[in-house]
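Chain residues, written in single-letter form:
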2 protein chains.
Amino acid sequence: MRTQDDTIMSYDQGENEFKNWIVAESSFKRKYQGKCEVVMSLGNGYLGMRSCTEESYLGQVRNTFVSGTFNKANANEVTELPNAADITGIDIFINGELFSLEKGTFSDYNRALNLKTGELSRTFIWTFDSKSYRFEFKRFVSFADLHLIGAHIKITPLDNDSNIEIKSGINGQVTNSGAQHFEEGEKRIFDKAYLQMLQNTNESNITFIHNTYHEFNSKDVEVKSRFEMDRRKVLMLYHCEVPANATLEFSKISNLYTTRDKAYEHLSLQELRDLSIEHLKKQSEKGYQLLLQESILNWEEYWENMDIKIDSDNAYDQLAIRFAMYHLLAMAPKHDSRYGIGAKGLSGEGYKGHSFWDTEIFLLPFFTYTHPEIARHLLEYRYHTIEGARKKAKENGYRGAMYPWESAWADDGEVTPVWGAADIVTGKATKIWSGFIEQHITSDVAFAVWQYYQVTNDEDFMIQYGYEILLDTGIFWSTRLEWDEKKQEYHINNVVGPDEYKEHVNNDAFTNHTARWCMENALKYHDIVKEKHPGLYEVLSTRLNLEFEMAELKERYDKVYLPQPNEDLVIPQDDTYLSLKEIDLSKYKNQEHVGSIFKDFNLDQVNQIQVSKQASVVMLMYLLEYKFNDAIKKANYQYYEPRTLHDSSLSLSTHAILAADIDNLPLAYDLFESASRIDLGPNMKTSDHGIHAASLGGIWQIIVCGFGGIRMLDGTLRLNPKLPANIKSIEYPIHWHGNPLKITVTTDAIDIINKGDKPVAIEIYGEKHQIENQLTFKTVNSVL
Amino acid sequence: MRTQDDTIMSYDQGENEFKNWIVAESSFKRKYQGKCEVVMSLGNGYLGMRSCTEESYLGQVRNTFVSGTFNKANANEVTELPNAADITGIDIFINGELFSLEKGTFSDYNRALNLKTGELSRTFIWTFDSKSYRFEFKRFVSFADLHLIGAHIKITPLDNDSNIEIKSGINGQVTNSGAQHFEEGEKRIFDKAYLQMLQNTNESNITFIHNTYHEFNSKDVEVKSRFEMDRRKVLMLYHCEVPANATLEFSKISNLYTTRDKAYEHLSLQELRDLSIEHLKKQSEKGYQLLLQESILNWEEYWENMDIKIDSDNAYDQLAIRFAMYHLLAMAPKHDSRYGIGAKGLSGEGYKGHSFWDTEIFLLPFFTYTHPEIARHLLEYRYHTIEGARKKAKENGYRGAMYPWESAWADDGEVTPVWGAADIVTGKATKIWSGFIEQHITSDVAFAVWQYYQVTNDEDFMIQYGYEILLDTGIFWSTRLEWDEKKQEYHINNVVGPDEYKEHVNNDAFTNHTARWCMENALKYHDIVKEKHPGLYEVLSTRLNLEFEMAELKERYDKVYLPQPNEDLVIPQDDTYLSLKEIDLSKYKNQEHVGSIFKDFNLDQVNQIQVSKQASVVMLMYLLEYKFNDAIKKANYQYYEPRTLHDSSLSLSTHAILAADIDNLPLAYDLFESASRIDLGPNMKTSDHGIHAASLGGIWQIIVCGFGGIRMLDGTLRLNPKLPANIKSIEYPIHWHGNPLKITVTTDAIDIINKGDKPVAIEIYGEKHQIENQLTFKTVNSVL
């Protein structure tokens, strides 16, 4: 019998068709419940839910978010995704005792998320007061019907007759850590069975319509019901006598609509309420199992487009990449382009649902290569926010599009909070500078647009949105430059680069290089648009004042200072980094928790040490790799990696890929393992605030772009696989210019199948090839 | 060893000086925690706190309220007392394990509130993982310093060295059942030790300033500290190694100020913040014990003015009356007349801190007779709300002062919520009619003013406030009347009387009789003011348009229909009650939970049955008893009591007193016992939403006005004791016209000591007496 003291995460339990598809825990510990709430969270891009247990425990975080429903609870707070009413909580009283795993004992405990089907399940036997009960809970958020959530519960008293009461419904008493975004709305019960509760965001004025319905399916058990309304709650109470070994079985089918839903914009609130109830009645008639099957079918289509097969000595690698893709799909807004992906997806309150550069640099490659229609949505979102970016530029004395560091609803502009945690020295809250001076986000957006365009060839996107972003971000950087009279060059002073352990630096290498790259691209696409799309050019010319801006940009372009390699080929991260003092970092490199350096130093002090959260220069070498040769890459990697604490979940994946690039495959594999353990690993406290979305995108990039070797280099598809020793083969799909390719990399061969209509040009280990239908390329072992 | 399965309430454990002063529980059960949170709640009239355990449990309701700080969280809700940040919660980790009584085992558990000192204490031994620890927690809300809360904690590892961590501070993530009233304000830590957090109500714009400070007093234990800020939280973390049998001991001294505080109105927010921190520094220097002593001294003064000694066969009776007085004092705003007392005092979210007729009819007699200065504050509050009452009259097409059924901040007017629980038939929320048609509140206010005046002779109050209330309430009723052409008399139709199981009735006996009594009083005091206070008369004459209004009132007064006794001497409760169908009520009379009749009938159906929540006519016989003879009282009591379910906590006390009046002393005593068990009794779920303030006032009235026999009858002090068989004597103090009297009633004598300056006229068993200094009156046993 397992007890609460066993290790609880177990990485795969699947047999046959579900082998390497299952994330599970084999016991329950209250203090670790945040872990499974997050790593087993459910979602479909429209809505996301933490996978809390049905019964309640202290410290539980019941979260339900609907993408894009941002609200500012009050003037002192920044806008965030509001935590909608909960339908996962169910109180179960057995013989008058509220069921909880903290009472009595339990055995045969298993909670599992099936990544292939999107179904969460939990089974165990609970013994209390010398009587035992078998429990089975199942739940899913439908991938076929964005509004639907299904749950199914079975309770079997073993060898004893039991009185069972169920209290279940819709609970709107939840908050975002104390901030309440909702005004209480109307509560109704239709036909004594269909519960409806409305709640309305207090600033953005979005009405959420929650409906739920319970159906009992047990033979031999007569169930009596009544209902109850409380403050922000509407509940059903069920009561029955369950004979020994009979099973009380019921399903709870719920849905959730909001007045922000694009598909229902034309409806009045009353019409949407009616529609939602009709929807629930119709759907719930199908029953849990059929609704689940519909969802699974939908998941299957996505898996066909993205599943990766890894033959590794470590089976966990296969699970890790599926885990990453499951969550990337669960958080991605497939249905709407009016919002992005939050840094924690839809799985936690961390970062408030805001979009960062995480989307463009870490998540987008996955979508661009596997689900270009979703990538396009995410980039369209950045286009929708361009007015906010222009406003931000203007407020700061610049022109063009200066993207907000944190972004929420399109109209919001910059939404980065201004104040953070307490300074250990002064006792005052510290100022968060990112919203003011972490400016490389503008380059990141431009980069992602360009990358998407190169990979997909989506000219329609470029005409509608892409060219304008490329031009206007270039214009921003041109106006952002600061003339240094002495050196007769343009500088970019007082910024935060990707390495957030260096605030207020001048000429951050990443920022300067990517800024000039933006200007370069603007010049290039200016000429292309002018030539290829004269109608569009006319529009943009007026809108962006192109004649003036491009002349100025062109004049400045050549005079932008780009930090250059020194005699050791090391590019200085910024004007002062290489001259800062060095300390022994081994204590902080081999840490159990990130950020341990702040136990010894405050941020002002960290600013004065050669230590990086993640290395700006290494990130630069990855993004603009075609601009740097192998010797420079290697020198910089070897300089900066030892100084990097990887205290950002964004750091590991980039460093893993670059390690592969410089042929340090053992390190690359180690960093991959570390990256894949950020959420899925045995540290039970890392995921409490939500999943690390960027890290998941990074895991995909390590496998496909790192080990798998796929890159888009200045418009060219390049394949240069580097398999670490314990990985025998990787099979992965990508799209290139609309052609689906299936690439299989083994230790001695590369096999590419082109399922598309057109031949695809590719460079493999420096050789140019055309893939018509299939190409097999024999490699020498030593290369890999 | 006691375990969680023992019975947990224990009524008195005091020895010597604390005999019959202690309310205790001897074990802990999570599901019953609401009980002790409330019955052991702390307060000083300025602030009130539920007595939650330091450690957290599911279902715990951490409430801290400051009188008068009403806020409307959003447009859909009514104004209520906001739940301020919590300082009672403390997380204690022992060897890494979060302490909770739900883990391991505990013994020697005792939690006790000392009613005399106002100190809450809790002690037990906790055993976990084969190691034991002794815990001692103490807490008080200062009666000497309205802003101060003290806590003291001792933890002793028994025979084992332990690593102990304490996480404690200010937590603003609490809500009112999901409604968040506060915007997050600034958080600061001064001198690395004094925590400050501001929060601001989002509508009424009141800033709450919370400060807290921890001091560790343990020898031999080195304590390391650091601090932490989180969303709406500021915390200290302490960490230490405690050797076996050493005691970790610390105090947490906190204070709370708001920008609504009258005493600090002249200060800017910054000045108030500075003052509050200075106050905390100064007070915390005194240490827990001295601060507690200062509070106890203050309590002692109050106890001297009010303590009642009961010699009963049942010692619980003595405790019950002290319990009532403790809570009445803890909830009473001694310091301010800008607000009233909520129906749950300051001990729960129930009824949202709103004042009902509970104050005037049930609570005020206690204050009027024992602490007239507090009674005056409460009546001044009604004067402050008179503009709202006039507005309500106007909106309803009347004139004069139509008091709101529920009242909050003076400007708010009517604050009764409009929608209540779900109708069991339609599934829609039911409409709450009280705010519209439960109109007797206006008579209740006038009655309390008059009663206060008669008992205290406070002419200053009458000139400033009282006369105007008496006149304007009379005017309201005069304009409220409806002329019945057929009967040629004035009716009052479509009301709810004190019996809320009859909605939309015509000519409710209580409403009609007290309305005409108001008109009678208005006429009488109109003439008195005109003669005695010509200056005031001039002012009021203009303000209230007295010439016109009093002429109309006088003309109408004689034509008000007053329901009269029928051939059986029964006064019909309203036009239809006596003709409604009768059913067997025994099932609902002997119920465990109130309101059980609604399991079988909805309110529409209950409206059609001769069944009462509380009897309107019995209430009338108590208030205006000098208008009805004994035969009528008896007939009505005997008719209505069997039809009354006492489903209101207001019902029992009135019926107990009337039972004594008609010499049914066994029933009177039974009803007293029932009343005193509403909060203090063994039903562990009755107090979850807060203490039953009106019932506590009723308990005092049963003892003093019922068994003790004191009444003010149309201006005369009357004494007519009726001791039930098991009560041997009652000794109680009252004030009459400013003279403190001490009255001792035994089975064969009445002894009255007049400590005042003037002789007091009194009628004892119908005989008129003057009390100079002392009067002893021998009674015949049979009379009692």
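Since the model is a prediction, treat every value here as computed from it, not as a measurement. (Residues numbered from 1 in each chain as written. Chains lettered and ligands numbered in written order. Predicted model: local features only at pLDDT ≥ 70, side-chain atom pairs only at ≥ 80, totals over all residues. Heavy atoms only, no water.)

Undergrad: Now, about the overall build of chain A: what can you tell me, with residues and values included?
TA: The secondary structure content of chain A amounts to 20 helices and 31 strands. Residues counted as buried form 65% of the 784 residues belonging to chain A. Once local pairs closer than 6 in sequence are excluded, the contacts in chain A between residues at least 24 apart make up 67%. Summed over its atoms, the accessible surface of chain A is roughly 27800 Å², and 47% of this surface lies on carbon and sulfur atoms. The distance from the centre of the 82 positive side-chain charges to the centre of the 113 negative ones in chain A is 2 Å. (Helix = DSSP H or I, 4+ residues; strand = E, 2+ residues; numbered from the N terminus. Buried < 20%, exposed > 50% of the residue type's maximum accessible area, 1.4 Å probe, protein only. Contact = heavy atoms within 4.5 Å. Areas by Shrake-Rupley, 256 points an atom, 1.4 Å probe, with all protein chains shown as cover. Lys, Arg positive; Asp, Glu negative; His and termini not counted. Charge placed at Lys NZ, Arg CZ, Asp CG, Glu CD.)

Undergrad: I'd like to hear about the sheet that holds strand 3 (residues 42-43) of chain A, residue by residue, with values.
TA: All names here are of chain A. Within the open sheet, the three strands sit side by side as 3-4-5. Their pairing is antiparallel. Every other strand in the sheet has two partners, leaving strand 3 and strand 5 (64-66) as the edge strands with one partner each. With two bridges joining them, strand 3 and strand 4 (residues 47-49) adopt antiparallel strand pairing. Opposite Gly43, over in strand 4, you have Gly48 as the bridge partner. (Pairing = 2+ DSSP bridges.)

Undergrad: Break down the environment of Phe190 of chain B for me, with residues and values.
TA: Looking at where Phe190 of chain B falls in the secondary structure, it is placed in strand 13 (residues 182-190). Residues Phe190 of chain B and Ile277 of chain B, 87 residues apart in the sequence, show an inter-C-alpha distance of 8.8 Å.

Undergrad: Describe the side chain of Ser51 of chain A, listing the residues and the values that go with them.
TA: All names here are of chain A. The residue Ser51 is located in the loop between strand 4 and strand 5 in this model. Polar contacts involving the side chain of Ser51 include one to the main-chain carbonyl oxygen of Met40, which spans 2.5 Å. Contact partners of Ser51, with chain neighbours within four places excluded, come to Cys36, Glu37, Met40, Ser41, Leu42, Arg111, Leu120 and Arg139. (Polar contact = N/O pair within 3.5 Å; in protein donor to acceptor, adjacent residues only side chain to side chain.)

Undergrad: I'd like a description of the interface of chain A and chain B, backed by residues and values.
TA: Put simply, an interface is often sized by how much accessible area is lost when its parts join up. Tallying the contact residues gives 42 residues for chain A and 42 residues for chain B. At the junction of chain A and chain B, the tally comes to six salt bridges. We note a salt bridge from Arg232 of chain B to Glu77 of chain A, for which the minimum N-O separation is 2.8 Å. Seen at the junction of chain A and chain B, the total is 10 residue pairs in polar contact (both at pLDDT 80 or more). When contributions to the side of chain A that touches chain B are tallied by element, the ones reaching two or more residues are strand 7 (97-98), strand 13 (182-190) and strand 16 (223-230) of chain A. In terms of residue count, the dominant contributor to the side of chain A that touches chain B is strand 13 of chain A (five residues). (Salt bridge = Lys/Arg side-chain N within 4 Å of Asp/Glu carboxyl O.)

Undergrad: So what about helix 16 (residues 616-623) of chain A? Which residues, and what values?
TA: For helix 16 of chain A, a buried count of eight out of eight residues is recorded, marking the element as mostly surrounded by other parts of the structure. Inspection of helix 16 of chain A places Ser616, Val617, Val618, Met619, Leu620, Met621, Tyr622 and Leu623 of chain A among the buried residues, and these make up the whole buried set.

Undergrad: Which residues make up the relation of the copies chain A and chain B, and what are the values?
TA: With an axial shift of 0.0 Å and an RMSD of 0.0 Å, the rotation relating chain A to chain B amounts to 180°. Here the two chains are linked by the operation of a two-fold rotation axis. When the interface residues of chain A are mapped onto chain B, 100% of them are again interface residues, pointing to one common binding face. (Least-squares fit on C-alpha atoms with pLDDT ≥ 70 in both.)

Undergrad: Provide a residue-level description of the packing of helix 19 (residues 665-680) of chain B against helix 20 (residues 693-707) of chain B, including the pertinent values.
TA: Axis angle and axis distance: for two packed helices, these are the angle between their axes and the distance between the axes, and together they describe the pair. Residues and elements named next belong to chain B. In contact at an axis separation of 9 Å, helix 19 and helix 20 are set at 155° when each is read in the N-to-C sense. Between helix 19 and helix 20, the interaxial angle falls into the category roughly antiparallel. Both helix 19 and helix 20 take part in a crossing whose hand is left-handed. Where helix 19 approaches helix 20, its residues Ala668, Tyr669, Phe672, Ala675, Ser676, Ile678 and Asp679 are matched on the opposing element by Ser695, Leu696, Ile699, Ile702, Ile703 and Phe707. (Axes fitted to C-alpha atoms, helices over the stretch in contact; angles between N-to-C directions. Parallel < 35°, antiparallel > 145°, perpendicular 65-115°, else oblique. Left-handed = near helix turned anticlockwise from the far one by under 90°.)

Undergrad: Could you give an account of the sheet that holds strand 25 (residues 716-719) of chain A, naming the residues involved and the relevant values?
TA: Residue and element names in this part refer to chain A. Spatially, 24-25-29-30 is the arrangement adopted by the four strands of the open sheet, whose pairing is mixed. Of all strands in the sheet, those with a lone pairing partner are strand 24 (710-713) and strand 30 (767-771), marking the two edges. For this sheet, the mean angle separating the axes of adjacent strands, direction not counted, is 35°.

Undergrad: I'd like to hear about the pattern of salt bridges, residue by residue, with values.
TA: Applying the stated rule across the entire model yields 99 salt bridges over all chains. Between Arg139 of chain B and Glu54 of chain B there is a salt bridge whose closest N-O contact spans 2.9 Å. On the criterion of sequence distance, the pair formed by Arg139 of chain B in strand 10 (residues 131-141) and Glu54 of chain B in the loop between strand 4 (47-49) and strand 5 (64-66) is long-range, its members being 85 residues apart. With a relative accessible area of 3%, Arg139 of chain B lands in the buried category. When the shortest N-O distance is used, the salt bridge between Glu731 of chain B and Lys742 of chain B registers 3.2 Å. Of the two residues, Glu731 of chain B sits in strand 26 (residues 727-736) while Lys742 of chain B sits in strand 27 (residues 739-746), which places them 11 residues apart along the sequence. The class for Glu731 of chain B is partly exposed, based on a relative accessible area of 22%. Using a relative accessible area of 27% as the deciding quantity, one classes Lys742 of chain B as partly exposed. Each of Glu387, Arg390, Glu468, Asp472 and Arg543 of chain A takes part in one network of salt bridges that share partners.

Undergrad: Which residues make up the packing of helix 6 (residues 372-384) of chain A against helix 9 (residues 441-456) of chain A, and what are the values?
TA: Residues and elements named next belong to chain A. Where helix 6 meets helix 9, the axes come as close as 11 Å, and the angle between the chain directions of the two elements is 145°. Here the hand of the crossing between helix 6 and helix 9 comes out left-handed. Every residue of helix 9 that contacts helix 6 at Pro372, Ala375, Arg376, Leu379 and Arg382 is listed here: Ile441, Val445, Ala448, Val449, Tyr452 and Thr456. When its residues are assigned to classes, the contact of helix 6 with helix 9 shows eight nonpolar, one polar and two charged. (Nonpolar A, V, L, I, M, F, W, Y, C, P; charged D, E, K, R; others polar.)

Undergrad: Lay out a nonpolar patch on the surface in plain terms, naming residues and giving numbers.
TA: A surface patch of nonpolar side chains, about 290 Å² in accessible area, is lined by Val418, Trp419 and Phe436 of chain A. Summarising the element assignment, Trp419 of chain A is placed in strand 20 (residues 419-422). (Patch = residues over 30% accessible without salt bridge, like charges linked within 9 Å, V, L, I, M, F, W, Y side chains within 5 Å.)

Undergrad: Describe the environment of Tyr57 of chain B, naming the residues involved and giving the relevant values.
TA: Within the secondary structure, Tyr57 of chain B sits in the loop between strand 4 and strand 5. Distance in space between the C-alpha atoms of Tyr57 of chain B and Glu102 of chain B is 8.7 Å, their sequence separation being 45 residues. Apart from the residues within four sequence positions on either side, Tyr57 of chain B is in contact with Leu58 of chain A together with Phe28, Arg30, Gln33, Ser100, Leu101 and Glu102 of chain B.

Undergrad: Quick one: what's the story with the side chain of Arg338 of chain A, residue by residue and with numbers?
TA: Structurally, the position occupied by Arg338 of chain A is in the loop between helix 4 (315-331) and helix 5 (357-370). Aside from chain neighbours lying at most four places away, what touches Arg338 of chain A is Arg260, Asp261, Lys262, Glu265, Tyr381, His384 and Trp409 of chain A.

Undergrad: Now, about the confidence of the model for chain A: what can you tell me, with residues and values included?
TA: Counting all residues, the mean pLDDT for chain A is 94, and 98% of those residues have values of 70 or more. The ipTM, which scores confidence in the relative placement of chains, is 0.92 for this predicted complex, and the corresponding pTM is 0.94. (pLDDT = per-residue confidence, 0-100.)

Undergrad: Describe the environment of His327 of chain A, naming the residues involved and giving the relevant values.
TA: One can find His327 of chain A in helix 4. Once you skip the residues sitting within four places of it in the chain, His327 of chain A turns out to touch Val38, Val39, Ser41, Ile691 and Leu696 of chain A.

Undergrad: Account for empty space enclosed by the protein, naming residues and giving values.
TA: One pass over the structure, following the stated rule, counts 15 cavities of 30 Å³ or more. Looking at the largest cavity, its volume works out to about 210 Å³. Taken together, 18 residues form the lining of the largest cavity, with Phe447, Gln451, Tyr622, Arg711 and Met712 of chain A sitting closest to its centre. For the lining of the largest cavity, the elements supplying multiple residues, two or more each, are helix 5, helix 9, helix 16, helix 20 (693-707) and strand 24 of chain A. Per-class residue counts for the lining of the largest cavity are 12 nonpolar, two polar and four charged. In this model, the second largest cavity occupies a volume close to 160 Å³. Along its surface, the second largest cavity is lined by 18 residues, and Phe447, Gln451, Tyr622, Arg711 and Met712 of chain B are the ones closest to its centre. Looking at the lining of the second largest cavity, the elements that each hand over two or more residues are helix 5 (357-370), helix 9 (441-456), helix 16 (616-623), helix 20 and strand 24 (710-713) of chain B. Here the residues of the lining of the second largest cavity sort into 12 nonpolar, two polar and four charged. (1 Å grid on protein atoms, 1.4 Å probe; cavity = no way out; pocket = protein on both sides within 12 Å on 5 of 7 lines; lining within 4 Å. Points joined across faces, edges and corners; volume = space filled by probe spheres on them.)

Undergrad: An account of the packing of aromatic side chains is requested, with residue identities and associated values reported.
TA: Residues and elements named next belong to chain B. Within the structure shown, the criterion is met by 105 aromatic pairs over all chains. Taking the centre distance of 5.9 Å and the plane angle of 55° together, the rings of Phe447 and Trp450 count as tilted. Remark: Trp450 and Phe447 occur in helix 9; sequence separation between them is three residues, near one turn of the helix. Taken individually, Phe447 and Trp450 each receive the classification buried, so the pair is uniform in this respect. (Phe/Tyr/Trp six-rings, centres within 6.5 Å; stacked < 30°, edge-to-face > 60°.)

Undergrad: I'd like to hear about a negative patch on the surface, residue by residue, with values.
TA: A cluster of like negative charges, contributed by Glu17, Glu300, Glu301 and Glu304 of chain A, occupies part of the molecular surface. Mapped onto the elements of the fold, Glu301 of chain A is located in helix 3 (residues 288-306).

Undergrad: Residues and numbers for the pairing of strand 12 (residues 162-171) of chain A, please.
TA: Residues and elements named next belong to chain A. Of the pairings in the sheet, the one linking strand 6 (residues 90-94) to strand 12 comprises five bridges and is antiparallel in character. When the bridges of strand 12 are listed, Ile94 appears paired with Ile164. In terms of strand pairing, strand 12 meets strand 17 (residues 233-242) through 10 bridges, oriented antiparallel. Following the sheet pairing, Ser162 is matched in strand 17 by Val242.

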